Amino acid sequence: MSKKRILILMAGLVAVATLAVGGAACNDDEDDGGMASETPTADTEEITAGDLTITEPFARAMMDRGAVYFTVANDGEEDDAIVGASADVAATVELHETVTEGASTKMQPVEQIDVLAGGETTLEPGGLHVMLTELTESLAMGDEFTVEIEFERAGTVEFQVEVMSYTEETMGAEEGGM
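In this text the structure is predicted, and so the values were computed from the model without any measurement.

Undergrad: What should I look at first to understand the overall build of the protein in this one?
TA: When its secondary structure is counted, the protein shows 1 helix and 11 strands. Order of helices (α) and strands (β) in the protein, N terminus to C terminus: α-β-β-β-β-β-β-β-β-β-β-β. Pairs at least 24 apart in sequence give 65% of the contacts found in the protein among residues at least 6 apart. Looking at the protein as shown, the accessible area adds up to about 9,500 Å², and 47% of this sits on carbon and sulfur atoms.

Right, dumping it as structure tokens:
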């Protein structure tokens, strides 16, 4: 099955998968024979960091910039926040939000992206996102790269994201700005 189909199926089943699987999907304690463990990929059902679970990661890229999107659920009793990010394909990585003022839409940096206790925060096109500027390599549909997200309480988590097309439906996200 193609990665695209898997991601689309995941989007439709994410609520059921989260309830059924809990936080157990990607932190396998099996012996890896001394090899470094692999970075979770976009095919991974869930990526965990403490009480946080990241699902539906994907990216979009255009010219010399790009954006990373995902959903993060907080099953803990304390609020957390995304406070930083980095990517192996960009010299500059910032937390952003898309703001519409009248007929004008613009992106602007934010200091953090809150993930409330017992809640869920979605980074999506036209809303909150991780902005990649000064790309160090060109990105095309189907490419994968590593992103590292820093949380205020849960620490840092690293995972792979796949670059998706602007024309295909991605996790049901509305088309819009980065």
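Undergrad: When you look at the pattern of salt bridges in this model, what are you seeing that I'm missing?
TA: For side chains bearing opposite charge, pairing can occur when the charged atoms are close. All told, the structure shown has 1 salt bridge when counted by the stated rule. Between E78 and R153 there is a salt bridge; the shortest N-O distance is 3.3 Å. Taken together, the residues E78 in the loop between β3 (65-74) and β4 (80-87) and R153 in the loop between β10 (144-151) and β11 (155-162) connect sequence positions 75 residues apart. Accessibility expressed as a relative area gives 53% for R153, which makes it exposed.

Undergrad: Would you explain the sheet that holds β11 in this entry?
TA: Sheet strands line up and pair through hydrogen bonds in the backbone, either parallel or antiparallel. The strand order across the open sheet formed by 4 strands is β7-β4-β10-β11, and the pairing between neighbours is antiparallel. The sheet terminates laterally at β7 (113-115) and β11, the two strands that pair on one side only. The average angle at which neighbouring strand axes cross in this sheet is 35°, direction not considered. Of the strand pairs in this sheet, β4 and β7 are connected by 3 bridges, and their pairing is antiparallel. Within the sheet, the bridge partner assigned to I82 lies in β7 and is I113.

Undergrad: Would you explain the packing of aromatic side chains in this entry?
TA: To describe a pair of aromatic rings, you give the distance between the ring centres and the angle between the ring planes. What the rule picks out here adds up to 2 aromatic pairs. Arranged with centres 5.0 Å apart and planes meeting at 35°, the rings of F58 and Y69 form a pair that is tilted. Of this pair, F58 sits in strand β2 (residues 52-62) while Y69 is found in strand β3, placing the two residues 11 residues apart along the sequence. You can call F58 buried: its relative accessible area is 3%. Ring geometry for F70 versus F159: centroids 5.8 Å apart, planes at 85°, classification edge-to-face. Taken together, the positions of F70 in strand β3 and F159 in strand β11 put the pair 89 residues apart, joining distant regions of the chain. With respect to burial, F70 and F159 carry one shared label: buried.

Undergrad: When you look at a negative patch on the surface in this model, what are you seeing that I'm missing?
TA: Together, D88, E137, E148, E150 and E158 give the surface a local cluster of negative charge. Structurally, D88 can be placed in the loop between β4 and β5 (90-101). With a relative accessible area of 47%, D88 lands in the partly exposed category.

Undergrad: Please clarify how unusual backbone geometry should be interpreted in this entry.
TA: A positive phi angle, near 60°, is found at E56, a position not held by glycine. Structurally, E56 is set in strand β2. With a relative accessible area of 12%, E56 lands in the buried category. Although it is not a glycine, M63 sits at a positive phi angle of roughly 55°.

Undergrad: Just to check I follow, could you spell out the pairing of strand β8 (residues 120-123) for this structure?
TA: Within a regular beta strand, the side chains point alternately toward one face of the sheet and then the other, so they alternate between its two faces. Burial along β8 is one-sided: T121 and L123 are buried, while E120 and T122, pointing the other way, are not. In this structure, β3 lies alongside β8, joined through 4 bridges in antiparallel fashion. The residue of β8 that forms the bridge with V72 is T121.

Criteria and thresholds
- Residues numbered from 1 in each chain as written.
- Predicted model: local features only at pLDDT ≥ 70, side-chain atom pairs only at ≥ 80, totals over all residues.
- Heavy atoms only, no water.
- Helix = DSSP H or I, 4+ residues; strand = E, 2+ residues; numbered from the N terminus.
- Contact = heavy atoms within 4.5 Å.
- Areas by Shrake-Rupley, 256 points an atom, 1.4 Å probe, with all protein chains shown as cover.
- Salt bridge = Lys/Arg side-chain N within 4 Å of Asp/Glu carboxyl O.
- Buried < 20%, exposed > 50% of the residue type's maximum accessible area, 1.4 Å probe, protein only.
- Pairing = 2+ DSSP bridges.
- Axes fitted to C-alpha atoms, helices over the stretch in contact; angles between N-to-C directions.
- Phe/Tyr/Trp six-rings, centres within 6.5 Å; stacked < 30°, edge-to-face > 60°.
- Patch = residues over 30% accessible without salt bridge, like charges linked within 9 Å, V, L, I, M, F, W, Y side chains within 5 Å.
- Lys, Arg positive; Asp, Glu negative; His and termini not counted.
- Charge placed at Lys NZ, Arg CZ, Asp CG, Glu CD.

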